[in-house]
Amino acid sequence: MLSLLLLLLPCSQALLYPRDSSSRESKSLDGLWNFKLSPKQDPDIGFREAWYSGPLTGQDVLEMPVPSSYNDITTESSVRDFLGWAWYDTHFHVPASWQQERVVLRFGSVHYTAVVYVNGVEVGGHAGGHMAFEMDVTSALSWQYGRNRVTVAVNNTLTAHTVPQGSYVWQEEGDMYPSGYSTLDTAFDFFNYAGIHRPVVLYTTPLEAHIADISVETVVEEDLATAQMTFRVEVE
């Protein structure tokens, strides 16, 4: 499933951080979220049993600060060294005044692969843990009671197609490894930190139209005396 997600998930399109203005309001979702690890022997159970359809439950649900790397938050080695799907969720309210606006959910960084649900509806995702990404969640919000839930499935497994590269290896049972033990083999010298690493924010834009992208191109002449700058603004 992970390899398919890496091919299908879109590239980042949320490089600029949203600032409040006369036509934009924002709301931070940072704080303590619920957190649950998938069992190593059944990593896709969260998708099969639709953990995103309701709040995360069970005695193994932890409180996890967002943003953070989950590896260093607890004292459990099973969390620090975990490889696979980790699940987050939290509840939030949206102001009633936002009903006439377009509402966007933005993640500053999720390492490495993310699938995002709002109120049980898949609204988007991203592959590449170092860049921001966002999605329009207007149609997935509940306005009747104003209380909503966002769920994020996060996978920190590295492959030959990720940056950096790595390989998932199931180790043979023996004196070194217990049954069902896996490792991530890499060629780099830093720890594979994972989780929702940067701020999560909701923000609004006018429903009728918004700036989708701005690109700027500069050309400097060889004599360095003159230059030309062109820019393009995409409106949706």
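Before reading further, recall that the structure is shown in the block above.
Residues numbered from 1 in each chain as written. Predicted model: local features only at pLDDT ≥ 70, side-chain atom pairs only at ≥ 80, totals over all residues. Heavy atoms only, no water.

1. Section: the sheet that holds strand E1 (residues 26-28)
- Ordered in space as E1-E14-E5-E9, the 4 strands form an open sheet in which the pairing is antiparallel. Looking at strand neighbours, the two that pair on one side only are E1 and strand E9 (133-136), the edges of this open sheet. For this sheet, the mean angle separating the axes of adjacent strands, direction not counted, is 20°.
- Where E1 lies against strand E14 (residues 200-206), 3 bridges are found, and the strand directions are antiparallel. Note that in E14 the partner of Ser-28 across the bridge is Val-201. (Pairing = 2+ DSSP bridges. Helix = DSSP H or I, 4+ residues; strand = E, 2+ residues; numbered from the N terminus. Axes fitted to C-alpha atoms, helices over the stretch in contact; angles between N-to-C directions.)

2. Section: the nonpolar core
- Among the nonpolar cores identified, the biggest contains 34 residues, and Tyr-88, Leu-105, Phe-107 and Val-152 are the most heavily contacted of them.
- Within the residue set of this core, elements represented by two or more residues are strand E2 (31-37), strand E3 (62-66), strand E4 (85-93), strand E5 (101-107), strand E7 (113-118), E9, strand E10 (147-155) and E14.
- Among all residues touching Leu-105, those that are not within four sequence positions of it are Leu-29, Val-116, Val-118, Phe-133, Glu-134, Met-135, Val-137, Val-150, Val-200, Val-201 and Leu-202. (Core = buried A, V, L, I, M, F, W, Y, C linked by side-chain atoms within 4.5 Å. Buried < 20%, exposed > 50% of the residue type's maximum accessible area, 1.4 Å probe, protein only. Contact = heavy atoms within 4.5 Å.)

3. Remarks on the sheet that holds E3
- Taken together, the 6 strands give an open sheet; going across it, the order is E3-E2-E4-E10-E7-E8, and neighbouring strands pair in antiparallel fashion. Taken across any chain shown, the strands that pair with only one partner, and hence form the sheet edges, are E3 and strand E8 (121-127). Taken pair by pair, the neighbouring strands of this sheet meet at an average axis angle of 30°, ignoring direction.
- Pairing analysis gives 6 bridges linking E7 to E8, with the strands arranged antiparallel. Following the sheet pairing, Ala-114 is matched in E8 by His-126.

4. What to know about the packing of aromatic side chains
- The tally for this structure, following the rule as stated, stands at 10 aromatic pairs.
- Note on Trp-87 and Tyr-117: the rings are 6.4 Å apart at their centroids and 20° apart in plane angle, and the pair reads as stacked. Taken as a pair, Trp-87 in strand E4 and Tyr-117 in strand E7 lie far apart in primary sequence, 30 residues in all. Take Trp-87 and Tyr-117: they sit in the same class, and that class is buried. (Phe/Tyr/Trp six-rings, centres within 6.5 Å; stacked < 30°, edge-to-face > 60°.)

5. A closer look at the pattern of salt bridges
- In total, this model carries 5 salt bridges according to the counting rule given.
- The closest approach of N and O atoms between Arg-80 and Asp-72, which form a salt bridge, is 2.4 Å.
- The shortest N-O distance in the salt bridge between Arg-232 and Glu-234 comes to 3.8 Å. (Salt bridge = Lys/Arg side-chain N within 4 Å of Asp/Glu carboxyl O.)

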